[in-house]
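Reading the structure
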Amino acid sequence: MTYEFDFGAVLGYWPLLLQGTLTTLRLTLFSTVFGILIGAFCALVKTGGPQWARTIVGLYVEFIRNTPLLIQSYFLIFGIASMGLRLPILVGATIALTVNIGAYTTEIVRAGIESIHRGQLEAAECLGLSKVQTYLHIIIRPALERVYPALASQYVLLMLASSILSSVGVEELFGMSNRIQSDTFRNFEVFVVLGILYLILAVVVRAGFSLLGLALFPRRRKLGTSL
Amino acid sequence: MSPIVELKDVRKSFGNLEILKGVSFEVNRGEVAAIIGQSGSGKSTALRCMDRLETIQGGSMVICGHRLEDAKIDLKALRRDVGIVFQSYNLFPHLTVAENVMLAPRLVKAVSRAEARTVAEAVIAKVGLHEKLEAYPEQLSGGQQQRVAIARSLAMEPKLMLFDEVTSALDPQLTGEVLKVMEQLATEGMTMILVTHEMGFARKVADRVIYMRDGKVHEAGSSDILRTPSTPELAEFISEASEH
Amino acid sequence: MNSAFIISLLQGLLGTVILSILTFIFGGILGFLIALARISPVAVISRGTGVYIEILQGMPLLVLMGLCFYGPGIFGYDSLSPLQAATFALTLYSSAYLGEIWRGCLQSVAKPQWEAAECLGIGRWHRMRHVILPQALRIATPPTVGFMVQIIKNTSIASLVVGYAELSYNAKIINNSTFQPFLYFGIAALMYFAVCYPLSVQSRVLERKLNVANR
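Computed from a predicted structure; not experimentally measured.

A word on the overall build of chain C
What chain C contains, in helices and strands, is seven helices and zero strands. Listed N to C, the secondary structure of chain C is α-α-α-α-α-α-α in terms of helices and strands. Oriented by its inertia axes, the alpha-carbon framework of chain C measures out at about 70 × 50 × 25 Å. In chain C, buried positions account for 40% of the 215 residues.

Spelled out as C-alpha cells, the structure:
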C-alpha cells in the first residue's frame, strides 16, 4: 500500500468546516422548532379535527413519509425557484427540512396524544378548563413529555439528513466538503474528517436534547424516568 | 330548606338502550345522598348527568340553580359549583400533587400563583397529605391519589361534590382512608352525592339513600331504609351486598 | 411531457429497485449477524457491535457513501463501480438499523422462552433455531417491512456522491434540461410513493394483526 494519508491538508480548512458545522446546527435548530409547531398542530388536527382536515393531514404525512427527502427538496427548492421566487438558499433548505420533519413529528406526537387517558380529559372538563387550556396543559404537555425520547432521536436523524441539502447548494458541513475536495483532492480524508465531525455533532445534539428535556420536564428531572 | 339538586322524570338513552327511565329525587343543601344499586341500574349515568358529562334527553334537572336541560347552559359556572371525583382518580401524571390542585384555580379562576398555592396547601392538608405536596401521582398509593383528587375538586370551592364509586378500585385498607376524608367533609356540611357500594358507609353518613333499579328510583328515604327496606328488591340487594 | 423522459424515469425506478433489493439482501444478512453478535454473551463481541452501530447511526449516509466509494482504492483494492459502492454503503448502513431492530425482537422473545429452553436442556444453537427464531420472526416482520421503505428512500442518496443512476438522478438530469421541476420531480415522487406506500400499509396491517394475536 503506497497511499499516504494527509489529514493536515484537510484540517487546514477548519474555518470552512466550522462555518459548515454552524450552518448545519442552525438548519437543525430552525427546522426542529418549526417542525414541532407543525407536528403539534397537525397531530391535534389528526386526533380531534374535522374529517376533511384529518384527510389533508393524513395525505401530507403519508406522502412525506413515503418519498425521499432528496426528491422533496428538489421539488420544493427547484420548484419555488422555477416560479421566479428568489428565496435565500438557507430559507429554502429550512422549508424543505421543516416540511419533511413536520410529518414525522405529527406521527410521533399523535401517538403521544392517543396515549393520554380519556379520564384525564374528563377531569379537566369537570374542573372547568376550556378546550384550549385542556389542550395546552392536559394533552400536549404530557404527550410531548411521553414521546420526547422518540422525538429527540428523530431530530438527531434530521441533523444527519440535513447533509442531503448540500445537493441543492447549501453550504452546511457536508456541502463545505465539496470545496475542500476540489482544492485538495484528498477525498477519502475529507470523508473521514466529516464522519468524525458528524459523530461528535450527533453526540452533542443528543446531549443538548437530554439537557433540554430536563429543563422542560420537571418530572423527568426529579424522578429520572420517562412519563 | 330548598333543594340544591332536583331531578324530575330524567331520561337518558345510549342509542336504543334506555339507561334512565324517568328518575326523580331531590337533595337539600348540606345533605349527603347515597345512590345505590346493581351495576347497570343507571346510578353512575345519573351522577354523570349532574355534571353534564352526559346530556339528559327528557325531564328536568336543576343543579345549584343551573338548568341542565338548557342548551345554552353556562358550563363553566356549573363546573365551578360542582366538583366530581372519579373511580380512576384521573390525576394529571406530569404534575406534582400541589400542581394538580393548583391548576384549575389558576386557569379557571385566574388567581395568582401564591394564592393558588395557599388554597392548595390548605385542601391537601385537609386530606392529610401535606407531606406529599411535591410528589408525583405515580409515587402515591391509590388511596392517596384518590385523596388528592378530592383535594383537587375542593380547591375550586364547590357547593356540591359528586363521588362516582371512588373506592371501587381500592384495596379495603386504602378504602378506609378515603372514606374518612369523605366523612369529615360530610360533618363540615358539604352537600355530597355518592354512588357507592359501601353499605356501611352509606348507613353511617348518608342522610338520604336512593336505591336505583332498572333506570328508575325504586326506593328512597332516610338511611333507615337500609335497615328496614320496604321493597323486597332492596331487601335482597342489601343482603347480597352484605355477603361480600 | 415527453415520453422519452418518462421512460428515463422508469429506468431510474428500475435502478432504485435493483439497489434496494441488493441492499435488503446483503444488509439483511449482515444485520442478522449484527443482531446475533449484539446479544452474544461474550462482552467484547456485544460491545464491539454496539460501537459499530453507534458509529453507523451517528454519521450521515452520504459520508458513508464517500468512504465506501473512495476507501477501497486507497487501501489498494480495485475501485468500486457506483452500484457496488452504493450497495456497500447501504448494506453497512442498513445492517446497523436492522441489527438493532432484530436484536430488540430476539430479546423480547428471548427472556421467558430462553429460560424455558434452558430448563429443557436444549443447546444454545438449537434453542435459537427452534424456539427463539420462529417467534422473533413473527415480531420482526412488521418493522422489517417498514424498514424496507427506509431503504428505498435511502437509495436516492446514491445519486449524489457515487453517481449511481437511479430515479432521483434521472429526474435531476431531466430537470436540468427541461426546467419543469414540479412536473418531473412530482412524477418521480409519485413513483417512490407507489413503491413505498404499499409497503408502509403492509407493515401497519401486519403490526395490527400481531397486536391482535398477542392480546
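After presenting the structure, the write-up continues.
Topic: the overall build of chain B
Helix and strand content of chain B: eight helices and ten strands. C-alpha extents for chain B along the principal axes are approximately 55 × 45 × 35 Å. Buried residues in chain B amount to 49% of all 244 residues. Sequence separation of at least 24 residues holds for 63% of the intrachain contacts in chain B that already meet a minimum separation of 6.

A short note on the interface of chain A and chain B
One frequent convention defines the size of an interface as the accessible area lost when the parts assemble. Each partner contributes to the interface: chain A provides 17 residues, whereas chain B provides 18 residues. Where the side of chain A that touches chain B is concerned, the elements lending two or more residues are helix H6 (118-126), helix H7 (131-161) and helix H10 (218-223) of chain A. Examining the composition of the side of chain A that touches chain B, we find that six residues originate from one element, H7(A), more than from any other. Here the side of chain A that touches chain B is built from residues that sort into eight nonpolar, five polar and four charged.

Some words on the arrangement of the chains
Highest in contacts among the two pairs of chains that touch are chains A and C. The two units chain B and chain C remain apart, with a minimum C-alpha distance of 23 Å.

Some remarks on the packing of helix H3 (residues 97-108) of chain B against helix H5 (residues 142-154) of chain B
Residue and element names in this part refer to chain B. Running from N to C, H3 and H5 cross one another at 30°; their axes reach a closest spacing of 8 Å. Compared by their axis directions, H3 and H5 come out roughly parallel. Judged by the sense of rotation from one axis to the other, the crossing of H3 with H5 is right-handed. From H3, Val97, Asn100 and Val101 reach across to H5, where they touch Val148, Ala151 and Arg152. Considered class by class, the residues forming the contact of H3 with H5 number four nonpolar, one polar and one charged.

With respect to the interface of chain A and chain C
Counting residues at the interface gives 30 residues for chain A, matched by 33 residues for chain C. When residues of the side of chain A that touches chain C are traced back to their parent elements, those giving at least two are helix H3 (51-65), helix H4 (69-82), H7 and helix H9 (187-216) of chain A. The leading source of residues in the side of chain A that touches chain C is H9(A), at nine residues. In terms of residue class, the side of chain A that touches chain C is made up of 20 nonpolar, eight polar and two charged.

Brief notes about the sheet that holds strand S4 (residues 58-63) of chain B
Residue and element names in this part refer to chain B. Strand order in the open sheet formed by four strands is S2-S1-S4-S5, and the pairing between neighbours is antiparallel. The outermost strands of the open sheet, each flanked by one partner alone, are strand S2 (17-28) and strand S5 (66-67). In terms of strand pairing, S4 meets S5 through two bridges, oriented antiparallel. If you follow Ile63 over to S5, its bridge partner there is His66.

Things to note about the packing of H7(A) against H9(A)
Residue and element names in this part refer to chain A. Between H7 and H9, the least distance of the axes is 10 Å, while the angle of their chain directions is 150°. By the angle between their axes, H7 is roughly antiparallel relative to H9. Read as a crossing pair, H7 and H9 show a hand that is right-handed. Along its contact with H7, which presents Tyr148, Ala152, Tyr155, Val156, Met159 and Leu160, the element H9 presents Tyr198, Leu201, Ala202, Val205, Arg206, Phe209 and Gly213.

Quick word on the confidence of the model for chain C
Overall, the predicted model of chain C reaches an average pLDDT of 89, with 92% of residues at or above 70. For this predicted complex, the interface confidence reaches an ipTM of 0.90, while the overall pTM sits at 0.88.

Brief notes about unusual backbone geometry
Residue and element names in this part refer to chain B. Of note in this structure, Ala110 is not a glycine but carries a positive phi near 55°. By the element assignment, Ala110 lies in the loop between H3 and helix H4 (113-126). Judged by local crowding, Ala110 falls into the exposed class, with 8 C-beta atoms found within 10 Å. One non-glycine residue, Glu157, adopts positive backbone phi at about 50°. Note that Glu157 resides in the loop between H5 and strand S7 (160-164). For Glu157, a count of 13 C-beta atoms within 10 Å puts it in the partly exposed group.

Brief notes about helix H3 (residues 61-74) of chain C
Residue and element names in this part refer to chain C. The end-to-end C-alpha distance of H3 is 20 Å, a good match for the 20 Å that 14 residues give at a rise of 1.5 Å each. Among the 14 residues in H3, eleven count as buried, and that is most of the element. Listed in full, the buried residues belonging to H3 are Leu61, Leu62, Val63, Leu64, Met65, Gly66, Leu67, Cys68, Phe69, Tyr70 and Gly71. Backbone geometry just after H3 places Gly76 at a positive phi near 90°.

Examining the sheet that holds strand S6 (residues 82-85) of chain B
Residues and elements named next belong to chain B. Across the sheet, six strands lie side by side as S6-S7-S8-S3-S9-S10; this open sheet has mixed pairing. The open sheet terminates on both sides in strands that have one partner only, identified here as S6 and strand S10 (216-221). Neighbour-to-neighbour, the strand axes of this sheet turn through a mean angle of 15°, independent of strand direction.

A word on the environment of B:Lys43
Residues and elements named next belong to chain B. Along the chain, the position of Lys43 falls in helix H1 (residues 43-50). Between the alpha carbons of Lys43 and Val181 there is a distance of 22 Å; along the sequence they are 138 residues apart. Apart from the residues within four sequence positions on either side, Lys43 is in contact with Ile35, Gly37, Val195 and Met212.

Brief notes about the nonpolar core
One finds B:Ile35, C:Leu64, C:Met65 and C:Ala89 to be the most contacted residues of the largest nonpolar core, which totals 200 residues. When near neighbours in sequence (up to four residues on either side) are disregarded, C:Leu64 contacts C:Met59, C:Ala89, C:Leu92 and C:Tyr93.

Here we look at the pairing of strand S9 (residues 208-213) of chain B
Residue and element names in this part refer to chain B. Burial analysis of S9 places five of its six residues in the buried class, which makes it a mostly covered element. Pairing of strand S3 (residues 32-36) with S9 involves four bridges; the strand directions are parallel. When the bridges of S9 are listed, Ile36 appears paired with Tyr211. As paired elements, S9 and S10 share five bridges and run antiparallel to each other. For Arg213, the partnering residue across the bridge sits in S10 and is Lys216.

So, the environment of C:Gln180
Residue and element names in this part refer to chain C. Tracing the sequence through the fold places Gln180 in the loop between helix H6 (167-178) and helix H7 (181-214). Of the residues examined, Gln180 has 18 C-beta atoms within 10 Å and is grouped as partly exposed. The spacing of Gln180 and Glu207 is 27 residues in sequence and 40 Å in space, taken between C-alpha atoms.

Scoring rules and cut-offs
- Residues numbered from 1 in each chain as written.
- Chains lettered and ligands numbered in written order.
- Predicted model: local features only at pLDDT ≥ 70, side-chain atom pairs only at ≥ 80, totals over all residues.
- Helix = DSSP H or I, 4+ residues; strand = E, 2+ residues; numbered from the N terminus.
- Buried ≥ 20, exposed ≤ 12 C-beta atoms within 10 Å, placed from the backbone.
- Contact = placed C-beta atoms within 7 Å.
- Nonpolar A, V, L, I, M, F, W, Y, C, P; charged D, E, K, R; others polar.
- Axes fitted to C-alpha atoms, helices over the stretch in contact; angles between N-to-C directions.
- Parallel < 35°, antiparallel > 145°, perpendicular 65-115°, else oblique.
- Left-handed = near helix turned anticlockwise from the far one by under 90°.
- Pairing = 2+ DSSP bridges.
- pLDDT = per-residue confidence, 0-100.
- Expected span 1.5 Å × (residues − 1).
- Core = buried A, V, L, I, M, F, W, Y, C linked by C-beta atoms within 7 Å.

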